Amino acid sequence: VQLQASGGGLVQAGDSLRLSCVASGRTFSSYAMGWFRQAPGKGRDFVAAISWSGETTHYADSVKGRFTVSRDNAKNTVYLQMNSLKPEDTAIYYCAADTTSGLTTPNKASFYDLWGQGTQVTVSS
């Protein structure tokens, strides 16, 4: 399967963006999906995860209440709606698929075995 993330850009603090991640090649609807981000000089941090059905979600404390993860299995797409963006949200955002662990909403990068190429989000103050 391949994951293609898009929707990043340059915005001002307080603005919104919606990231999309389209999957191809396998049974997308069977897998938990996650979003991670990596700021310059830092490690890859968990942002949000969603179960295969979309019924369960999990967020990092830093984005809770501002970001919303969702999925449309008919379109093989997972979304990350980002509101009230802050400069500290600036990072490359990656989507990932967990095809092996069986966990509902994994929050560690090590559980995800398939990764998209990343999309840059830059938030100016």
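Going by the structure above, here's the rest.
Residues numbered from 1 in each chain as written. Predicted model: local features only at pLDDT ≥ 70, side-chain atom pairs only at ≥ 80, totals over all residues. Heavy atoms only, no water.

## As for the packing of aromatic side chains
So, point 1. Under the definition given, this model contains four aromatic pairs.
So, point 2. Ring centres of phenylalanine 36 and phenylalanine 46 lie 5.6 Å apart, and the angle between their planes is 70°; this geometry places the pair in the edge-to-face category. With phenylalanine 36 in strand E4 (residues 32-38) and phenylalanine 46 in strand E5 (residues 44-50), this residue pair connects regions lying ten residues apart in the sequence. When sorted by exposure, phenylalanine 36 lands in the same class as phenylalanine 46, which is buried. (Phe/Tyr/Trp six-rings, centres within 6.5 Å; stacked < 30°, edge-to-face > 60°. Helix = DSSP H or I, 4+ residues; strand = E, 2+ residues; numbered from the N terminus. Buried < 20%, exposed > 50% of the residue type's maximum accessible area, 1.4 Å probe, protein only.)

## Considering the state of the cysteines
So, point 1. Scanning the entire structure with this criterion turns up one disulfide.
So, point 2. Note that cysteine 21 is cross-linked by a disulfide to cysteine 95, the S-S spacing being 2.1 Å. On the sign convention where negative is left-handed, the bridge of cysteine 21 and cysteine 95, at about 60° about the S-S bond, is right-handed. Here cysteine 21, found in strand E3 (residues 17-24), pairs with cysteine 95, found in strand E9 (residues 91-98); they are 74 residues apart in sequence, far enough to count as distant. An identical accessibility class is assigned to cysteine 21 and cysteine 95; each is buried. (Disulfide = S-S within 2.5 Å.)

## A closer look at unusual backbone geometry
So, point 1. Positive phi, close to 55°, is recorded for asparagine 76, a residue that is not glycine.
So, point 2. In this structure, asparagine 76 sits in the loop between strand E7 (67-72) and strand E8 (77-82).
So, point 3. Notably, serine 84 is not glycine yet its phi reads approximately 50°, a positive angle.
So, point 4. You can see serine 84 is positioned in the loop between E8 and E9.

## Concerning the pattern of salt bridges
So, point 1. Throughout the structure, instances matching the rule amount to three salt bridges.
So, point 2. For aspartate 89, the salt bridge identified is with arginine 37, shortest N-O distance 2.9 Å. Placement of aspartate 89 in the loop between E8 and E9 and of arginine 37 in strand E4 is noted, with a sequence separation of 52 residues between them.
So, point 3. Owing to a relative accessible area of 1%, aspartate 89 belongs among the buried residues under this scheme.
So, point 4. Across the salt bridge formed by aspartate 89 and arginine 66, the nearest N and O atoms sit 2.8 Å from each other. (Salt bridge = Lys/Arg side-chain N within 4 Å of Asp/Glu carboxyl O.)

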